Amino acid sequence: AARTLLEKKKKVAFITTDTYRIGAIEQLKTYANLLQSPVHVVYNREDFEEAVQSFQEYEYVFIDTAGRNYKDRQFIEDLKRLIPFDDSMESYLVLSATSKQKDMEAIIQQFHSIPIEQFIFTKVDETETIGPIINIVLKYNIGIAYCTDGQEVPEDILQVTAQTLAETIVKGAFDD
């Protein structure tokens with residue numbers, strides 16, 4: 001969102017469905033305020049449709065969802081009732097690079113009914129191995145949009161390209 005606003009000079013807005021985590025709404029509102037962008041909090045499908053309607057003039061609307069226990073199938077069903085996943089939006093699945101490959105695969109399987117365009121891998125700086133990330137990308141034929149290697153926004157959010165991924169693999173292969 002920050003890069004879209006600051007570098008591409010596009011108007012951005014936020015919708016959040018994360019009414020689960022304590023402080024999540026306030027955190028997003030603080031961030032949006034820094035970007036001078038509006039936030040709409042949604043609790044149900046009607047709120048979501050109202051938010052989408054109110055943001056029609058914006059070029060990009062970022063939708064924040066709660067990161068919850070992937071084993072709870074009800075969470076995914078609730079998410080699908082709240083957000084009409086269709087061709088008008090791109091969906092990114094956020095996974096922690098510190099997770100075991102088997103756990104990442106289980107998360108992806110839980111979200112199989114939601115179209116995932118690309119992955120975002122967090123905590124890349126907190127792992128010594130990126131093999132599971134590569135395995136996931138190859139197994140599911142889904143690319144990586146971004147990865148994070150720190151807490152600073154937007155500085156530590158890195159756009160992933162084929163070149164940067166290849167450089168990371170080669171660098172990791174030759175590190176002692």
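Heads up: the structure comes first, above all this text.
Reading the values: rules and limits
Residues numbered from 1 in each chain as written. Predicted model: local features only at pLDDT ≥ 70, side-chain atom pairs only at ≥ 80, totals over all residues. Heavy atoms only, no water. Helix = DSSP H or I, 4+ residues; strand = E, 2+ residues; numbered from the N terminus. Polar contact = N/O pair within 3.5 Å; in protein donor to acceptor, adjacent residues only side chain to side chain. Contact = heavy atoms within 4.5 Å. Core = buried A, V, L, I, M, F, W, Y, C linked by side-chain atoms within 4.5 Å. Buried < 20%, exposed > 50% of the residue type's maximum accessible area, 1.4 Å probe, protein only. Pairing = 2+ DSSP bridges. Salt bridge = Lys/Arg side-chain N within 4 Å of Asp/Glu carboxyl O.

A word on the side chain of Ser91
Its location among the elements puts Ser91 in the loop between α4 (73-82) and β4 (92-96). One polar contact links the side chain of Ser91 to the main-chain carbonyl oxygen of Pro115, over a distance of 3.4 Å. For Ser91, the residues in contact, after removing those within four places along its chain, are Phe85, Ile114, Pro115, Ile116, Glu117 and Gln118.

A few points about the nonpolar core
Ranked by internal contacts, the top residues of the largest apolar core, which has 32 residues, are Leu93, Leu95, Ile108, Phe111, Phe119, Phe121 and Ile136. Of all the secondary structure elements, the ones that give two or more residues to this core are β1 (12-16), α3 (45-54), α4, β4, α5 (101-110), β5 (118-122), α6 (131-140) and β6 (143-148). Excluding residues that lie within four positions of it along the chain, Leu95 makes contacts with Met104, Ile107, Ile108, Phe119, Ile120, Phe121 and Thr122. With five residues, the next largest nonpolar core counts Phe14, Leu28, Ala32 and Leu35 among its residues.

Some details on the pairing of β1
With respect to burial, β1 is a largely interior element, five of its five residues being buried. Of the two faces of β1, the one lined by Val12, Phe14 and Thr16 and the one lined by Ala13 and Ile15 are each fully buried. Across five bridges, the pairing between β1 and strand β3 (residues 60-64) is parallel. Across the sheet, the residue bridging to Thr16 is Asp64, located in β3. Pairing of β1 with strand β2 (residues 39-41) involves three bridges; the strand directions are parallel.

Thoughts on α5
Of the residues making up α5, those classed as buried are Met104, Glu105, Ile107, Ile108 and Gln110. Those residues of α5 hidden inside the fold are in contact with α4, β4, β5 and α6.

Here we look at the pattern of salt bridges
Under the counting rule described, the total for this entry stands at nine salt bridges. Measuring nitrogen to oxygen at the nearest pair gives 3.5 Å for the salt bridge that ties Glu105 to Lys139. Of this pair, Glu105 sits in helix α5 while Lys139 is found in helix α6, placing the two residues 34 residues apart along the sequence. Taken together, the salt bridges that share partners define one network made up of Arg73, Glu77 and Lys80.

Thoughts on unusual backbone geometry
In this structure, Lys9 takes a positive phi of about 60 degrees despite not being glycine. Tracing the backbone shows Lys9 in the loop between α1 (2-6) and β1. Its identity as a non-glycine residue notwithstanding, Lys123 has a phi of 60 degrees, on the positive side. Within the secondary structure, Lys123 sits in the loop between β5 and α6. On the basis of relative accessibility, which here comes to 37%, the residue Lys123 falls in the partly exposed class.

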